Amino acid sequence: MLKFDLIDGEEEHKFYKDIYDILENIRNNVYVVVNDIMAYAYWNVEKRIVE
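Presented here is an overview of the structure given in this document. The model shown is predicted, which means the values in this text are computed figures rather than measured ones. (Residues numbered from 1 in each chain as written. Predicted model: local features only at pLDDT ≥ 70, side-chain atom pairs only at ≥ 80, totals over all residues. Heavy atoms only, no water.)

### Observations concerning the overall build of the protein
Logical step 1: When helices and strands are counted, the protein shows one helix and zero strands.
Logical step 2: Looking at the protein as a whole, 0% of its 51 residues qualify as buried. (Helix = DSSP H or I, 4+ residues; strand = E, 2+ residues; numbered from the N terminus. Buried < 20%, exposed > 50% of the residue type's maximum accessible area, 1.4 Å probe, protein only.)

### Description of the pattern of salt bridges
Logical step 1: Here the structure, examined in full by the defined rule, presents three salt bridges.
Logical step 2: A salt bridge links lysine 14 to aspartate 18, with the nearest nitrogen and oxygen atoms 3.0 Å apart. Within this pair, lysine 14 and its partner aspartate 18 are both found in helix α1 (residues 9-50), separated by four residues, close to a single helical turn.
Logical step 3: Looking at aspartate 18, the relative accessible area reads 32%, which means it is partly exposed. (Salt bridge = Lys/Arg side-chain N within 4 Å of Asp/Glu carboxyl O.)

### Looking at the packing of aromatic side chains
By convention here, two paired aromatic rings are described through the distance between centres and the angle between planes.
Logical step 1: Under the definition given, this model contains one aromatic pair.
Logical step 2: Ring plane angle 75 degrees and centroid distance 5.2 Å describe the contact between phenylalanine 15 and tyrosine 16, whose orientation is recorded as edge-to-face. (Phe/Tyr/Trp six-rings, centres within 6.5 Å; stacked < 30°, edge-to-face > 60°.)

### Let's talk about a negative patch on the surface
Logical step 1: A cluster of acidic residues, Asp8, Glu10, Glu11 and Glu12, forms a negative patch at the surface.
Logical step 2: Mapped onto the elements, glutamate 12 comes out in helix α1. (Patch = residues over 30% accessible without salt bridge, like charges linked within 9 Å, V, L, I, M, F, W, Y side chains within 5 Å. Areas by Shrake-Rupley, 256 points an atom, 1.4 Å probe, with all protein chains shown as cover. Lys, Arg positive; Asp, Glu negative; His and termini not counted. Charge placed at Lys NZ, Arg CZ, Asp CG, Glu CD.)

In structure tokens form, the structure reads like this:
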């Protein structure tokens, strides 16, 4: 049988802050990746127009 201890307020706050920080980091990484993909796509479109 598993035993679960109640989490106090400070630990609970840290838990939710950690989750928030993880999601915020992922969101920032997504912006960088999407921006790189868009720059690559625009570069290829411009290259095709010039050819």
